[in-house]
Amino acid sequence: MGPMTSAAAANSPVDGILATASIVLSLLVAVWALVAAVRHRPPDRLQFVGLGVLEVVLLVLSVLALVAVGGGDRPGEPGAFFGYLVTLVCLPPLAWVLARMEPTRWGSAIVCAVCLVAPVVVVRLQQTWEVLGG
Amino acid sequence: MVETGPAPRRTNSGPGRLLIAVYLLFAIAATSRAGLQIATKFDEAPVAYLLSGVAALIYIVAAVGLARAGHTGRRVALACCSVELVGVVAVGILSLADKELFPDETVWSQFGSGYGYIPLVLPVLGLIWLWRTRRTPA
């Protein structure tokens, strides 16, 4: 990581406080859901609220990314970047729907699993924005 | 766990639903990756990208099989999990033995190490789940 990386990072719309917040929030929901699953509890209100807030944060992140692209900035790997972006905003709804269908401890396990995947996708999203010379 | 009734347990509820969720995640991951690779740089590593495509298809079909939950669904899921297990082990060994064959990563390279070895664990969990929900003799 050199000055080139920090310059690219400064321009990256997916590498700010919002992205960090989404990662932290997602992990918090994952831990909360894991506790629920271990205690044989179905997904509770807090898990669904967490998924909702996470989705809002991810949508704002997407809008910022699209605004940046509209303003002339380009991700390093556009195809992969938009693939990850679309996947990312679909994750909380996926967890929501499946958790609603499964009002048992396994519903909580689903929320946990999806919320563990989301931070990975955020990091991949950041990597596909700032590709420096492949 | 001993089943109390003669009816087979459905594969699409309880732990099965978690399994379907993870299969869906892998279906999305593998499909987008394969789609992108085949669309943009197929010539660089045709074998690896075609394999990604096949893996993606298998994840989708396995998820559908588990979700359908009927007799056919179970057989479809069984076939998919078996092919997956054989695939991930075979590709894992091949990718270590002959790096030329897979110049770019696939979901199954190095036993799925790029995906936290979940591609290796997933078919095993699928087979265990199918076994535990099998039709109990009346």
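This is a predicted model, so every value here is computed, not measured.

### Points about the confidence of the model for chain A
Residue and element names in this part refer to chain A.
Moving on, step 1. The pLDDT averaged across chain A works out to 90; a share of 90% of its residues lies at or above 70.
Moving on, step 2. For chain A, the element scoring lowest by mean pLDDT is helix α1 (residues 3–11), at 51; helix α2 (residues 17–38) scores highest, at 97.
Moving on, step 3. Note on residues 1–9: pLDDT is under 50 here. Beyond four places in sequence and across chains, it has 7 contacts.

### Quick notes on the nonpolar core
Moving on, step 1. Counting residues in each nonpolar core, the largest one holds 68 residues, and the members touching the most others are Leu-88 of chain A together with Tyr-23, Tyr-59, Leu-66 and Trp-108 of chain B.
Moving on, step 2. Mapped onto this core, the elements with two or more residues apiece are α2, α3 (45–70), α4 (78–101) and α5 (105–129) of chain A together with α1 (15–41), α2 (46–68), α3 (71–97) and α4 (118–132) of chain B.
Moving on, step 3. Considering every element that reaches this core, the biggest residue donor is α5 of chain A, with 12 residues.
Moving on, step 4. Those residues within four positions of Leu-66 of chain B in sequence are excluded, and the remaining contacts are Thr-11, Asn-12, Leu-19, Ile-20, Tyr-23, Gly-73, Ala-77, Trp-129 and Leu-130 of chain B.

### As for the interface of chain A and chain B
Moving on, step 1. Every contact between the two is made by 14 residues of chain A and, on the other side, 10 residues of chain B.
Moving on, step 2. Contact between chain A and chain B buries roughly 1100 Å² in total, counting both sides, with carbon and sulfur atoms accounting for 82%.
Moving on, step 3. Note that Arg-17 of chain B is salt-bridged to Glu-102 of chain A, the shortest N-O span being 2.8 Å.
Moving on, step 4. Linking chain A with chain B are 3 residue pairs in polar contact (both at pLDDT 80 or more), by the criterion used here.

### With respect to α4 of chain B
The periodicity of an α-helix, 3.6 residues per turn, causes residues three or four places apart in sequence to face the same way.
Residue and element names in this part refer to chain B.
Moving on, step 1. With 15 residues, α4 ought to run about 21 Å at 1.5 Å a step, and its terminal C-alpha atoms sit 20 Å apart, in line with that.
Moving on, step 2. Along α4, the residues that are buried comprise Pro-119, Leu-122, Pro-123, Gly-126, Trp-129 and Leu-130. Projected down its long axis, α4 shows its buried positions confined to an angular sector of 125°, all on one face.
Moving on, step 3. On its buried face, α4 sits against α1, α2 and α3.

### Notes on the packing of aromatic side chains
Moving on, step 1. Scanning the model with the defined rule gives 7 aromatic pairs over all chains in all.
Moving on, step 2. Ring centres of Phe-81 of chain A and Phe-82 of chain A lie 5.3 Å apart, and the angle between their planes is 85°; this geometry places the pair in the edge-to-face category.
Moving on, step 3. For Phe-82 of chain A, a relative accessible area of 30% corresponds to the partly exposed category.
Moving on, step 4. Measuring from centroid to centroid gives 5.1 Å for Phe-81 of chain A and Trp-129 of chain A, while their planes differ by 65°, and the two rings are edge-to-face. Residue Phe-81 of chain A is found in helix α4, and its partner Trp-129 of chain A is found in helix α5; the two are separated by 48 residues along the sequence.
Moving on, step 5. Here the aromatic residues Tyr-23, Phe-26, Tyr-59, Trp-108 and Tyr-115 of chain B are joined through ring pairs into a cluster of three or more.
Moving on, step 6. Positioned above the aromatic ring of Phe-48 of chain A is the side chain of Arg-100 of chain A, whose terminal nitrogen or guanidinium carbon lies 4.0 Å from the ring centre.

### Quick word on a nonpolar patch on the surface
Moving on, step 1. A cluster of nonpolar side chains, Leu-57, Ile-60, Val-61 and Val-64 of chain B, forms an exposed patch at the surface whose accessible area comes to about 310 Å².
Moving on, step 2. Topologically, Ile-60 of chain B is positioned in helix α2.

### Regarding unusual backbone geometry
Where the residue is not glycine, phi is negative for most of them; where a peptide bond is considered, it is trans in most cases.
All names here are of chain B.
Moving on, step 1. For Ala-69, which is not glycine, the phi torsion reads 70° and is therefore positive.
Moving on, step 2. Locating Ala-69 in the fold gives a position in the loop between α2 and α3.
Moving on, step 3. For Phe-111, which is not a glycine, the phi torsion comes out positive at approximately 60°.
Moving on, step 4. Its location among the elements puts Phe-111 in the loop between α3 and α4.

### Some details on the state of the cysteines
Moving on, step 1. The full count for this structure, using the stated rule, is 0 disulfides over all chains.
Moving on, step 2. Among the cysteines around Cys-90 of chain A, which has no disulfide bond, Cys-115 of chain A carries the closest sulfur, lying 14 Å off.
Moving on, step 3. Here Cys-81 of chain B stays free of any disulfide, with the sulfur of Cys-80 of chain B as its closest cysteine sulfur at 6.9 Å.
Moving on, step 4. With relative accessibility at 0%, the residue Cys-81 of chain B sits in the buried group.

What counts, and at which threshold
Residues numbered from 1 in each chain as written. Chains lettered and ligands numbered in written order. Predicted model: local features only at pLDDT ≥ 70, side-chain atom pairs only at ≥ 80, totals over all residues. Heavy atoms only, no water. pLDDT = per-residue confidence, 0-100. Helix = DSSP H or I, 4+ residues; strand = E, 2+ residues; numbered from the N terminus. Contact = heavy atoms within 4.5 Å. Core = buried A, V, L, I, M, F, W, Y, C linked by side-chain atoms within 4.5 Å. Buried < 20%, exposed > 50% of the residue type's maximum accessible area, 1.4 Å probe, protein only. Buried area = accessible area lost by both parts, 1.4 Å probe. Salt bridge = Lys/Arg side-chain N within 4 Å of Asp/Glu carboxyl O. Polar contact = N/O pair within 3.5 Å; in protein donor to acceptor, adjacent residues only side chain to side chain. Expected span 1.5 Å × (residues − 1). Arc of directions from axis to C-beta. Phe/Tyr/Trp six-rings, centres within 6.5 Å; stacked < 30°, edge-to-face > 60°. Lys NZ or Arg CZ within 6 Å of the ring centre and 35° of its normal. Patch = residues over 30% accessible without salt bridge, like charges linked within 9 Å, V, L, I, M, F, W, Y side chains within 5 Å. Areas by Shrake-Rupley, 256 points an atom, 1.4 Å probe, with all protein chains shown as cover. Disulfide = S-S within 2.5 Å.

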